[in-house]
Amino acid sequence: MNAGPVKIVKFGGSSLADAEHFRQVQSIITADPSRRYAVPSAPGKRYDGDIKVTDMLYHCYNLASEGEDFSDAFAKIERRYQDIIRDLGLDLDLSNEFETIKNAFHYHAGSDYAASRGEYLNGKILAKLLGYDFLDAAKVIKFYDDGTFDAEKTNIILSDRLTRHERAVIPGFYGSMPNGTIKTFARGGSDITGSIVARAAGATLYENWTDVSGFLMADPRIVKDPCAIEVITYQELRELSYMGAGVLHEDSIFPVRFAGIPINIRNTNKPEDPGTMIVPSATEYDREKVITGIAGKKGFSVLQIEKDQMNAEIGFGRRVLEIIEKEGATFEHLPSGIDTMGVILSSDMSEHTRKNILNGICEVCEPETISFEDGIALIAVVGRGMVRAKGTAARVFRAIADADINIRMIDQGSSEISIIIGVNETDFEKALHAIYAEFVPQ
Ligand code: ASP
């Protein structure tokens, strides 16, 4: 591999939905010679109501696996690619590829195989357009037999392979199991491939090109025109994305975080926007801002348990959590008092699970009272600036109180970069507005 900066560029489906977008992607890549490895998604929606190629592939494969005629559904997929190739004026014939895929559908090659062809074919087109080598992800991204990702084996194979390719396109979203079967990541998983390639290439930067100019400080469906986040640390991003601030697949953070490589979220349609930088540590970027972002989610329940002398009863907490664990439920927070304990869980448990948790705790822990209360929303106020700024919690609580909202739960993690509060779901939007207005002068 030659020295100098190496950037990995990953393009989402909306950035590669048609020939016009491919041209835009080409101009972005060629504008910077250090953009040596490109990771494409499958073609996304071209307009509202359009269907992503990945979804078309799943649908088509379902027909095939149920023994139904899938030729029309397959022809539509072919046409998406043929249109792109024709409009780009490329001398590229994918008919053999289509034939192979169709046959594999007949022989029920698996829905992961089917879905992965979206990225595979798009990778072929992008490689041709750029004049880059095509490196099939099945050869370099490896999974264990049980379907979990084999990070170390992948890193060894991929970093070696990249030394043989000065410039290459590696399709996102899939890899292969030890027996050669194709395996995909979860939906949106091309982000993960980009991160894996960045680690293996020892990249200086992982650019993730999408259709928004990075992260916003709050959900634009709730807060009008929220400010963009210029710089965010991996740790802050974990807190915000856990609460539902989308854009980047959550698992894509780990490979680059491990290697200390920053991610830059960029907008393909506005390449002049700097986007959001996600960095290991942000001391060099820090300015006045106390909070970086606010995110939240509805759909939580509190399991409230009361028992006299709970604080003196050794093992009480463990026994409660063991019962929850046995039911396969994960808890989100654990606010506790002297004789009370609250366990916050996602509300989407079955009635059966709820009953087992209640009965199990009654039997083993003999509480005075125990009940589930639904309709709780959690809000995370996140910011590395909170560590050094005094009075942030006071400002959050005053803003909520001034908005006449009752706080149901408070939790500040030991890292001090986030304060999590629980409110009634009916107060959720109002609380987000109030906190945002407190910290971002309008
Ligand atoms: N094409 C896949 C999906 O739609 C993966 C991706 O786009 O990242 O989920």
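Residues numbered from 1 in each chain as written. Predicted model: local features only at pLDDT ≥ 70, side-chain atom pairs only at ≥ 80, totals over all residues. Heavy atoms only, no water.

A. Examining the packing of aromatic side chains more closely. Going through the model one piece at a time under the given rule, you end up with 11 aromatic pairs. Taken together, a centroid distance of 5.5 Å and an interplanar angle of 90° make the contact between Tyr-120 and Phe-134 edge-to-face. On the criterion of sequence distance, the pair formed by Tyr-120 in helix α5 (residues 111-130) and Phe-134 in strand β3 (residues 133-134) is long-range, its members being 14 residues apart. Judged by relative accessible area, which is 22%, Phe-134 ranks as partly exposed. Ring-pair connections join several aromatic residues into one group, and the members of that group are Tyr-61, Phe-70, Phe-74, Tyr-81, Phe-98 and Phe-105. Taking the ring centre of Tyr-120 as reference, the NZ or CZ of Arg-117 above it sits at 4.3 Å. In this structure, Arg-354 is placed above the aromatic ring of Phe-372, and the distance from its NZ or CZ to the ring centre is 5.2 Å. (Phe/Tyr/Trp six-rings, centres within 6.5 Å; stacked < 30°, edge-to-face > 60°. Helix = DSSP H or I, 4+ residues; strand = E, 2+ residues; numbered from the N terminus. Buried < 20%, exposed > 50% of the residue type's maximum accessible area, 1.4 Å probe, protein only. Lys NZ or Arg CZ within 6 Å of the ring centre and 35° of its normal.)

B. Region of the structure containing the side chain of Glu-119. Within the secondary structure, Glu-119 sits in helix α5. In this structure Glu-119 is buried but unpaired, with Lys-10 as the nearest side chain of opposite charge at 7.5 Å. There is a polar contact of 2.9 Å between the side chain of Glu-119 and the backbone nitrogen of Ala-42. For Glu-119, the contacting residues outside a window of four places in its chain are Pro-40, Ser-41, Ala-42, Thr-54, Pro-171, Gly-172, Phe-173, Tyr-174 and Ser-190. (Lys, Arg positive; Asp, Glu negative; His and termini not counted. Salt bridge = Lys/Arg side-chain N within 4 Å of Asp/Glu carboxyl O. Polar contact = N/O pair within 3.5 Å; in protein donor to acceptor, adjacent residues only side chain to side chain. Contact = heavy atoms within 4.5 Å.)

C. Quick peek at the site of the ligand. If you check the shell around the ligand, you find Ser-41, Lys-52, Thr-54, Glu-119, Phe-173, Arg-187, Gly-188, Gly-189 and Ser-190 and nothing else. One of the side-chain nitrogen or oxygen atoms of Thr-54 is found 2.7 Å away from a nitrogen atom of the ligand. Between the ligand and Arg-187, the relevant distance is 2.7 Å, taken from an oxygen atom to a side-chain nitrogen or oxygen of the residue. Considered on its own, the ligand offers 260 Å² of accessible surface; in the complex 94% of this is hidden by protein. Tallied by class, residues from the shell around the ligand come to one nonpolar, five polar and three charged. (Near = heavy atom within 4 Å. Areas by Shrake-Rupley, 256 points an atom, 1.4 Å probe, with all protein chains shown as cover. Nonpolar A, V, L, I, M, F, W, Y, C, P; charged D, E, K, R; others polar.)

D. Here's a closer look at the nonpolar core. By size, the foremost hydrophobic cluster in this structure holds 119 residues, and its most contacted members are Ile-8, Phe-105 and Ile-379. When residues in this core are grouped by element, the largest group, nine residues, is from α5. Setting aside residues up to four positions removed in sequence, Ile-379 forms contacts with Ile-294, Ala-295, Gly-296, Ile-419, Ile-420, Ile-421, Val-423, Phe-428, Ala-431, Leu-432 and Ile-435. Counting 16 residues, the second-largest nonpolar core is a separate cluster that includes Val-320, Val-343, Met-349 and Ile-357. (Core = buried A, V, L, I, M, F, W, Y, C linked by side-chain atoms within 4.5 Å.)

E. How the structure looks around the sheet that holds strand β15 (residues 407-412). Read across the open sheet, the six strands follow the order β12-β13-β11-β14-β16-β15; overall the sheet is antiparallel. Edge positions in the sheet fall to β12 (331-333) and β15, since each of these pairs with one other strand and no more. Each neighbouring strand pair of the sheet contributes to a mean axis angle of 40°, computed without reference to strand direction. Taken together, the 11 bridges between strand β11 (residues 293-306) and strand β14 (residues 369-382) define a ladder with antiparallel strand orientation. In the strand pairing of β14, Gly-296 is matched with Ile-379. Across the sheet, helix α11 (residues 316-326) is in contact with β11, β12 and β13 (340-346); its angle to β13 comes to roughly 20°. (Pairing = 2+ DSSP bridges. Axes fitted to C-alpha atoms, helices over the stretch in contact; angles between N-to-C directions.)

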